[in-house]
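One letter stands for each residue in the lines below.
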Amino acid sequence: MDRAEALIDGDLPRLFATARAFDAAGCHYQAARTLLLAGGEHTAAGASALTDHRLTLY
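The rules behind these values
- Counting restarts for each chain: residues are numbered from 1 in the order of the written sequence.
- The model is predicted, so local features are restricted to residues of pLDDT at least 70 and side-chain atom pairs to those at 80 or more, both for listing and for counting; the totals for chains, interfaces and linings are taken over all residues.
- For side-chain calculations, the full set of non-hydrogen atoms in the structure is used, while hydrogens and water are omitted.
- Buried residues of nine kinds, namely Ala, Val, Leu, Ile, Met, Phe, Trp, Tyr and Cys, make up a nonpolar core once their side-chain atoms join them within 4.5 Å.
- Each residue gets one of three labels from its accessible area relative to the maximum for its type: buried under 20%, exposed over 50%, partly exposed in between, using a 1.4 Å probe on protein chains only.
- Note on conventions: DSSP H or I runs of at least 4 residues are helices, E runs of at least 2 residues are strands, and numbering of each starts at the N terminus.
- Contacts: residue pairs with any heavy atoms within 4.5 Å of one another.
- Only one rule defines a salt bridge in this text: a Lys or Arg side-chain nitrogen within 4 Å of an Asp or Glu carboxyl oxygen.

A.B. asks: Help me out: how do you make sense of the nonpolar core in this one?
C.D. replies: A general feature of soluble globular proteins is that nonpolar side chains tend to end up buried together. Judged by nonpolar contacts, A6, L15, F16, A19, L35 and A38 together constitute the single largest core of 6 residues. The biggest single contributor to this core is helix 2 (residues 12-24), with 3 residues. Residues in contact with A19, not counting those within four places in the same chain, are A31, T34 and L35.

Below you can see the structure in the form of structure tokens.
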């Protein structure tokens, strides 16, 4: 819910905090997906994280 609310509110700091929480919990796919959802320059970081963890976005 935090990620959805942050997206709706356009709250990038909260969105990045959510990505860090996903990463710390070992949910690398969700962390990378969160960066992709952030858009802009963060899209490349999310795509790179997916590749680094050998994950794909469906």
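Now that the structure is up, let's keep going.
A.B. asks: Help me out: how do you make sense of the pattern of salt bridges in this one?
C.D. replies: Working definition: two side chains of opposite charge can pair if their charged atoms are close together. Tallying each qualifying case throughout the model produces 2 salt bridges. A salt bridge links R14 to D2; the shortest N-O distance between them is 3.2 Å. Remark: D2 occurs in helix 1 (residues 2-9) and R14 occurs in helix 2; sequence separation between them is 12 residues. One salt bridge connects E5 with R14, and the closest N-O pair in it is separated by 2.7 Å. Owing to a relative accessible area of 36%, E5 belongs among the partly exposed residues under this scheme. The partly exposed category is assigned to R14, whose relative accessible area is 26%.

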